[in-house]
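Coordinates in review
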Amino acid sequence: MKVQLQRSGENARNPLIHEKEIKEQNYPKTWLRFTDAKENFLSWGYLGQQNKGAGWLVLTAQQQPDALFFENLLATSLHKRKSLFKNLSTTNAFRLFNGVGDGLGGVTVDYYDGYLVFSWYNETIAALKEEVLQGFLTAYTAFCGTPALGVVEKFRYSTSKIESQVLQGAVPESLLIVENDVHYRVYLDEGLMTGIFLDQRHVRNLLKEKLAQDKTVLNTFSYTGAFSVASKVGGAKATTSVDLAKRSLKKTQEQFAANDLPLTDEKIYVMDIFDFFKYAQKKKLTYDIVVLDPPSFARNKKKTFSVAKNYGELVTASQTLIQKGILVCSTNAANVNLKQFKKMIEDSLVQAKRKFHFGETFRLPEDFSTVKELPEENYLKVCLVYLEEQR
Ligand code: SAH
């Protein structure tokens, strides 16, 4: 079927299809041939419900994508990650295929010690998955010399009724992985999240290798405590993890146990972060390092939080808990670019009359490939902020 996109000129080769570019809704869940406004052939692609945009062009496909096309696509992306496969004893969890950054929007594949986790971000690519799986698994087996131990799939679009299921093989309930010599327990088939965000690998390693030695670390929005554990392995004096979710207590204890670390100097609070800030201010608690990595959006009984509107409040509150030290400011909010993010941090610190300077900035690691046409896909922004002695 042929579909005309209302686009021309400069934007012609943007792989993301926007709603406003298509005339009608309800296209079939099949591969489609797209043309521009002047009926010139653009590319093969697909349309369907996804959280942002209306579908993807697969710009490198000369003909309708088939299993062989997908096999070559994954073979190329595996080849790019060759160096990661050379160090599996140090790090055995990373991204193998990153959607549009590797030539097929709407699909990611993560590697967890021989197991694969596929994520489908669009209902149509999920409906067309047989050939994608066939091609990808063939390429994987050829590259690794052995088939995947097991395959899990996640459905990350709002019309999906299920979040996660095992597709192939015997997938253990939990799995111990290693990342830069730190162990993490992950749950591959438990909802949408596995227990670790693989895109923060370099930031965890920075804490472990450079920042945390002999320091006290406050990890806010700590989830399973991955930043706390990496800090502790790196010689942190004491860590404090704070997360609202009840599951975080057990999951964080488990991550310390995975590294044979006693919990003697580690505190884990199941608490709203804004309540924790009040508690810490009252008790005059201070830290050398505070990690601020909230979700892009969150809603609880008391308030809604969004990075775009409220990140500054987090900076304002957390700087009161640092005499002299480092704020690790992190966000995955695609709607806030690096410049805007730094401005929010700067404005809050100026307002609080703090002397500070920005250090290194981290973006997505190399296995999370992106394309220049879609800067918002390069969503991760992590800024080190050095705070001078508070007077
Ligand atoms: N920084 C973590 C990932 C954070 S995921 C890591 O790198 O592993 C976001 C976490 O924020 C979730 O675990 C969620 O439970 C928690 N959260 C959301 N709103 C919160 C709030 N108001 N106070 C504390 N934690 C909150």
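Residues numbered from 1 in each chain as written. Predicted model: local features only at pLDDT ≥ 70, side-chain atom pairs only at ≥ 80, totals over all residues. Heavy atoms only, no water.

Enumeration over the complete set of coordinates arrives at 22 aromatic pairs. Aromatic ring contacts, followed pair by pair, group Trp 31, Tyr 46, Phe 69, Phe 70, Phe 97, Phe 118, Trp 120 and Phe 136 into a single cluster. The cationic tip of Lys 251 hangs over the ring face of Tyr 187; the distance from NZ or CZ to the ring centre is 3.8 Å. Here the guanidinium or amino end of Lys 342 rests over the ring plane of Phe 358, the centre of that ring lying 4.8 Å away. (Phe/Tyr/Trp six-rings, centres within 6.5 Å; stacked < 30°, edge-to-face > 60°. Lys NZ or Arg CZ within 6 Å of the ring centre and 35° of its normal.)

Quick look at the packing of helix 9 (residues 307–319) against helix 10 (residues 338–351) now. The relative placement of two packed helices is expressed as an angle between their axes plus a distance between the axes. At a closest axis distance of 9 Å, the pairing of helix 9 and helix 10 adopts a crossing angle of 40 degrees. Between helix 9 and helix 10, the angle falls in the class oblique. The handedness of the crossing between helix 9 and helix 10 is right-handed. Mapping the contact onto sequence places Val 307, Ala 308, Tyr 311, Gly 312, Val 315, Thr 316 and Gln 319 in helix 9 and Phe 341, Met 344, Ile 345, Ser 348 and Leu 349 in helix 10. (Axes fitted to C-alpha atoms, helices over the stretch in contact; angles between N-to-C directions. Helix = DSSP H or I, 4+ residues; strand = E, 2+ residues; numbered from the N terminus. Parallel < 35°, antiparallel > 145°, perpendicular 65-115°, else oblique. Left-handed = near helix turned anticlockwise from the far one by under 90°. Contact = heavy atoms within 4.5 Å.)

A separate point is the site of the ligand. Taken together, 15 residues sit near the ligand, with Phe 221, Asp 243, Leu 244, Ile 273 and Asp 293 positioned nearest. Within the backbone of Ile 273, one N or O atom sits 2.9 Å away from a nitrogen atom of the ligand. Its free accessible area being 580 Å², the ligand has 89% of it covered by the protein chains. Among the residues making up the shell around the ligand, the classes are represented as 10 nonpolar, 1 polar and 4 charged. (Near = heavy atom within 4 Å. Polar contact = N/O pair within 3.5 Å; in protein donor to acceptor, adjacent residues only side chain to side chain. Areas by Shrake-Rupley, 256 points an atom, 1.4 Å probe, with all protein chains shown as cover. Nonpolar A, V, L, I, M, F, W, Y, C, P; charged D, E, K, R; others polar.)

What follows covers the domain arrangement of the protein chain. Here the protein chain is described as being made up of domain 1 (2–58), domain 2 (67–179) and domain 3 (197–387). Placing a centre on the C-alpha atoms of domain 1 and another on those of domain 3 gives a separation of 38 Å. Counting residues at the interface gives 6 residues for domain 1, matched by 5 residues for domain 3. Taking both sides of the interface into account, the surface hidden between domain 1 and domain 3 amounts to around 390 Å²; carbon and sulfur atoms contribute 61%. Seen at the junction of domain 1 and domain 3, the total is 1 salt bridge. Here Lys 52 and Glu 377 are joined by a salt bridge, their closest N and O atoms 3.8 Å apart. Across the contact surface, domain 1 and domain 3 share 0 residue pairs in polar contact (both at pLDDT 80 or more). Tallied by class, the residues present in the side of domain 1 that touches domain 3 amount to 3 nonpolar, 1 polar and 2 charged. (Domains from an automatic or database assignment. Buried area = accessible area lost by both parts, 1.4 Å probe. Salt bridge = Lys/Arg side-chain N within 4 Å of Asp/Glu carboxyl O.)

With mixed pairing, 5 strands are arranged side by side in an open sheet as 6-7-8-9-10. What marks the edges here is a single partner per strand, and that holds for strand 6 (93–98) and strand 10 (164–169). With strand direction ignored, the average angle separating the axes of adjacent strands in the sheet is 20 degrees. Here strand 8 (residues 115–120) pairs with strand 9 (residues 150–155) via 6 bridges, running parallel. Residue Ser 119 lies in a different strand from strand 9, and its bridge partner there is Lys 154. (Pairing = 2+ DSSP bridges.)

Contact pair helix 5 (residues 201–211) / helix 6 (residues 226–233): the axes reach a minimum separation of 7 Å and the direction vectors enclose 35 degrees. Two packed elements cross with a definite hand, and for helix 5 against helix 6 that hand is right-handed. Across the interface between the two elements, Val 203, Arg 204, Leu 207 and Lys 208 from helix 5 touch Ala 226, Phe 227, Ala 230, Ser 231 and Val 233 from helix 6. Partitioning the contact of helix 5 with helix 6 into residue classes produces 6 nonpolar, 1 polar and 2 charged.

Its 13 residues place the ends of helix 9 17 Å apart at the C-alpha level, agreeing with the 18 Å of an ideal helix rising 1.5 Å per residue. The set of residues buried in helix 9 consists of Val 307, Asn 310, Tyr 311, Gly 312, Leu 314, Val 315, Ala 317, Ser 318 and Gln 319. Structurally, helix 9 contributes buried residues whose contacts are with helix 8 (273–282), strand 16 (289–292), strand 18 (304–306), strand 19 (325–331), helix 10 and strand 21 (381–387). (Expected span 1.5 Å × (residues − 1). Buried < 20%, exposed > 50% of the residue type's maximum accessible area, 1.4 Å probe, protein only.)

Turning to the sheet that holds strand 1 (residues 2–4), a few remarks are in order. Taken in spatial order, the 5 strands of this open sheet run 1-3-4-5-2, and their pairing is mixed. One side of each edge strand has no neighbouring strand; the edge strands of this open sheet are strand 1 and strand 2 (16–17).

Now for helix 8. Those residues of helix 8 that sit buried are Ile 273, Phe 276, Phe 277 and Ala 280. An end-on view of helix 8 places all buried positions within 105 degrees of arc, on one side of the element. Exposed and oriented more than 90 degrees from the buried face of helix 8 are Lys 278 and Lys 282. Those residues of helix 8 hidden inside the fold are in contact with strand 13 (216–220), strand 14 (238–243), strand 15 (266–270), strand 16 and helix 9. For helix 8, the side-chain oxygen to backbone nitrogen distance between the N-cap and Phe 274 is 2.7 Å, and the N-cap itself is Asp 272. One or two residues past the end of helix 8 sits Lys 284, with phi positive at roughly 55 degrees. (Arc of directions from axis to C-beta.)

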